[in-house]
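This is what each chain is made of:
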Amino acid sequence: AYDDPLDRLHFRADAPLEIKALFYIPSFHMEKHGMGRMDPGVSLYSRKVLIEAKSPDILPEWLRFIKGAVDSEDLPLSISREKAQDSMIVSKLRKVLTRKIINHLTKMARKDPDKYKGEFYKEYAFFLKEGVCQDFDFQDQLSKLLYFETSKTMNGELNSFDEYVARCKPEQKEIYYLCAPSRDLALNSPYLEAFEKAGREVIFVYTAIDDFTMANLEKYEGRSIVSAEKSNIDLGIDGDEKSDKEGDEKNEHGKEADDQKKLTGVEAEELCSWFHKTLDQKVASCKVTNRLDSSPAIVTDNESGAMRRMMRMVDTQEGGLDALPLAKQHVLINPKHPIILGLQSIREKEPTLAKVCAEQVFDNCLVAAGLLDDGRTMLPRLNDILLCVVKGANKDEK
């Protein structure tokens, strides 16, 4: 190494194995910016005799950024030629060393959070997440070392799962997360609307590895980890009841309550059936939801947009967008939104325009979910919609 270590761990143990170990955490790693995968950095000794330089067996692969040396008198000198016979000893050594390193990182996060979050986590978060996805023996311990931004923290402020859980309402039994390319896009996501209305905090994740990590964890301390893009989320709030209460409050203060228009049950059923039939090649189902306020529609239970982008980057097949076809989507529409109300009113009078608008609403849903592979496919339709707007404006002037 050519840099000063970010931290070091020096320990000696007598049980269950005789171990002397010295580990270093470099101040930076060499896998950034397209550099190749690092080789293991810890050498194995027995009674001060080198058994194996840069051994791949004594630490799990996700700890390949660790540098140092391990000496154990319990290892026979001929272990390099008899690995199969001594696999139990090496496996036990591996677990002891991994546990020591995780405990050391846990202590750093507790006693020096600025150093942990500002230096170590900033540089090595990827390796911890890789460990969560690969090393199931230590998955629970590693999950406590993960930190994320949330909808209720400041930009750049990282919180652990424990801090998130501590702020949860007593009745909340799930941990919610939302994957988006940036914090601004997450805050403006239609998927966040219902959680803000219900006062629920949502963890923000920004990369494919984050999304993959959440999917692998599934639970934390008995609480299910749930994507905000799922359809079966129960936040314990009824949109209709809330709007009625808000209307009553306005009346009490002497203000006129606006009678917000909404599709009737029959109209909603007819529109959902028409929407599904019109976009039969793209839509698996269409239903009404009360979880939206300012957005006309969303798609739910969809594949991860971040994972899809990653799959497209590593896909070597020819065929472009056709190589990874998008599955049919489940659409939820907002029965109070002006666009949805407008669709219902023009779908019989202006069927062509209604179809164009429905297609655009669906593509907008894909954009919000990060599933639209190429936005250029929308350009002809957007030009047609703009043309209709301009012609309508000219007619009004006349």
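Please refer to the structure placed before this passage.
All of these numbers come straight from a predicted model, not from anything done at the bench.

Draft legend 1. Seen up close, the overall build of the chain. Counting its secondary structure elements, the chain contains 13 helices and 14 strands. Within the chain, residue pairs in contact and separated by at least 24 positions form 71% of the contacts whose partners lie at least 6 positions apart. Put simply, the chain shows about 22,300 Å² of open surface, and 51% of that area lies on carbon and sulfur atoms.

Draft legend 2. How the structure looks around helix H2 (residues 113–134). Compared with the 32 Å implied by 1.5 Å per residue over 22 residues, the 25 Å span of H2 between its first and last C-alpha is markedly short. Of all the bends in H2, the largest measures some 65 degrees and sits at tyrosine 121.

Draft legend 3. Region of the structure containing the environment of isoleucine 203. On the secondary structure map, isoleucine 203 appears in strand E9 (residues 203–205). Judged by its relative accessible area of 2%, isoleucine 203 is buried. Between the C-alpha atoms of isoleucine 203 and serine 227, which are 24 residues apart in sequence, the distance is 9.5 Å. When residues no more than four places from it in sequence are discounted, the contact partners of isoleucine 203 are Phe148, Glu149, Thr150, Phe161, Tyr164, Ile175, Tyr176, Tyr177, Leu178 and Met214.

Draft legend 4. Broad picture of the sheet that holds E9. Here 6 strands make up an open sheet; going across it, the order is E7-E6-E9-E8-E11-E10 and the pairing mixed. For this open sheet the edge positions go to strand E7 (159–160) and strand E10 (219–220), each flanked by a neighbour on one side alone. By the bridge criterion, 3 bridges tie strand E8 (residues 174–179) to E9 in an arrangement that is parallel. When the sheet's bridge partners are listed, leucine 178 is paired in E9 with phenylalanine 204.

Draft legend 5. Up close: helix H1 (residues 87–111). Taking 1.5 Å per residue as the helical rise, H1 with its 25 residues ought to reach 36 Å, and the 36 Å between its terminal C-alpha atoms agrees with that figure. Those residues of H1 not exposed but buried are Val90, Leu93, Val96, Leu97, Thr98, Ile101, Ile102, His104, Leu105, Met108 and Ala109.

Draft legend 6. Local environment of the pattern of salt bridges. Overall, the coordinates contain 16 salt bridges when judged by the stated rule. With its nearest N and O atoms 2.8 Å apart, the salt bridge here joins arginine 37 to glutamate 61. One end of the pair, arginine 37, is in the loop between strand E2 (19–25) and strand E3 (41–46); the other, glutamate 61, is in the loop between strand E4 (49–52) and strand E5 (67–71), and 24 residues separate them in sequence. Look at arginine 37 and you get partly exposed, because its relative accessible area is 49%. Overall, glutamate 61 belongs to the partly exposed group, its relative accessible area being 43%. For lysine 144, the salt bridge identified is with glutamate 221, shortest N-O distance 2.6 Å. Taken together, the positions of lysine 144 in the loop between helix H3 (139–143) and strand E6 (147–150) and glutamate 221 in the loop between E10 and strand E11 (223–227) put the pair 77 residues apart, joining distant regions of the chain. Owing to a relative accessible area of 56%, glutamate 221 belongs among the exposed residues under this scheme.

Draft legend 7. Representation of the packing of H2 against helix H7 (residues 208–217). In contact at an axis separation of 9 Å, H2 and H7 are set at 35 degrees when each is read in the N-to-C sense. Handedness of the H2/H7 crossing: left-handed. Taken together, the residues of H7 that come into contact with H2 (itself represented by Phe126, Lys129, Val132 and Cys133) are Ile209, Asp210, Phe212, Thr213, Asn216 and Leu217. Here the contact of H2 with H7 is composed, by residue class, of 6 nonpolar, 2 polar and 2 charged.

Draft legend 8. Main features of a nonpolar patch on the surface. A cluster of nonpolar side chains, contributed by Phe28, Met30 and Met35, occupies part of the molecular surface with about 290 Å² of accessible area. By secondary structure assignment, the location of phenylalanine 28 is in the loop between E2 and E3. Judged by its relative accessible area of 38%, phenylalanine 28 falls in the partly exposed class.

Draft legend 9. Representation of empty space enclosed by the protein within the structure. According to the stated counting rule, one finds 1 cavity of 30 Å³ or more in the structure shown. Approximately 40 Å³ is the volume attributed to the largest cavity. Lining the largest cavity are Asp7, Arg8, Leu9, Phe23, Tyr24, Ile25, Ile66, Ile101 and His104. Mapped onto the lining of the largest cavity, the elements with two or more residues apiece are strand E1 (7–13), E2 and H1. When grouped by side-chain class, the residues that make up the lining of the largest cavity number 6 nonpolar, 1 polar and 2 charged.

Draft legend 10. View of the packing of aromatic side chains. If you walk through the whole model with that rule in mind, you get 14 aromatic pairs. Judged by centre distance (6.4 Å) and plane angle (55 degrees), the ring pair of phenylalanine 11 and phenylalanine 23 falls under tilted. Remark: phenylalanine 23 occurs in strand E2 and phenylalanine 11 occurs in strand E1; sequence separation between them is 12 residues. We classify phenylalanine 11 as buried; its relative accessible area is 9%. In this structure phenylalanine 23 comes out as buried when scored by relative accessible area, which is 2%. For the ring pair tyrosine 121 and tyrosine 147, a centre distance of 5.9 Å and an interplane angle of 70 degrees mean the geometry is edge-to-face.

Draft legend 11. Region of interest: the sheet that holds E2. The strand order E1-E2-E5-E3-E4 describes an open sheet built from 5 strands, whose pairing is mixed. Two strands lie at the open edges of the sheet, namely E1 and E4, each paired on one side alone. Recorded for the sheet is a direction-independent mean angle of 20 degrees between the axes of neighbouring strands. By the bridge criterion, 7 bridges tie E1 to E2 in an arrangement that is antiparallel. Paired with arginine 8 across the strands is tyrosine 24, a residue of E2. Sheet strands touched by H1: E1, E2, E3 and E5. Its angle to E1, the strand with the most contacts, is close to 135 degrees.

Draft legend 12. Structural view of the packing of helix H9 (residues 265–278) against helix H12 (residues 351–369). Closest axis-to-axis distance for the H9/H12 pair is 10 Å, and the angle between their directions is 85 degrees. Here H12 runs roughly perpendicular to H9, going by the angle between their axes. Along its contact with H9, which presents Trp274, Phe275 and Thr278, the element H12 presents Ala354, Lys355, Ala358, Val361 and Phe362. Of the residues belonging to the contact of H9 with H12, the class tally is 6 nonpolar, 1 polar and 1 charged.

Conventions we followed
- Residues numbered from 1 in each chain as written.
- Predicted model: local features only at pLDDT ≥ 70, side-chain atom pairs only at ≥ 80, totals over all residues.
- Heavy atoms only, no water.
- Helix = DSSP H or I, 4+ residues; strand = E, 2+ residues; numbered from the N terminus.
- Contact = heavy atoms within 4.5 Å.
- Areas by Shrake-Rupley, 256 points an atom, 1.4 Å probe, with all protein chains shown as cover.
- Expected span 1.5 Å × (residues − 1).
- Bend = angle between axes of the 7 residues up to and from the residue.
- Buried < 20%, exposed > 50% of the residue type's maximum accessible area, 1.4 Å probe, protein only.
- Pairing = 2+ DSSP bridges.
- Salt bridge = Lys/Arg side-chain N within 4 Å of Asp/Glu carboxyl O.
- Axes fitted to C-alpha atoms, helices over the stretch in contact; angles between N-to-C directions.
- Left-handed = near helix turned anticlockwise from the far one by under 90°.
- Nonpolar A, V, L, I, M, F, W, Y, C, P; charged D, E, K, R; others polar.
- Patch = residues over 30% accessible without salt bridge, like charges linked within 9 Å, V, L, I, M, F, W, Y side chains within 5 Å.
- 1 Å grid on protein atoms, 1.4 Å probe; cavity = no way out; pocket = protein on both sides within 12 Å on 5 of 7 lines; lining within 4 Å.
- Points joined across faces, edges and corners; volume = space filled by probe spheres on them.
- Phe/Tyr/Trp six-rings, centres within 6.5 Å; stacked < 30°, edge-to-face > 60°.
- Parallel < 35°, antiparallel > 145°, perpendicular 65-115°, else oblique.

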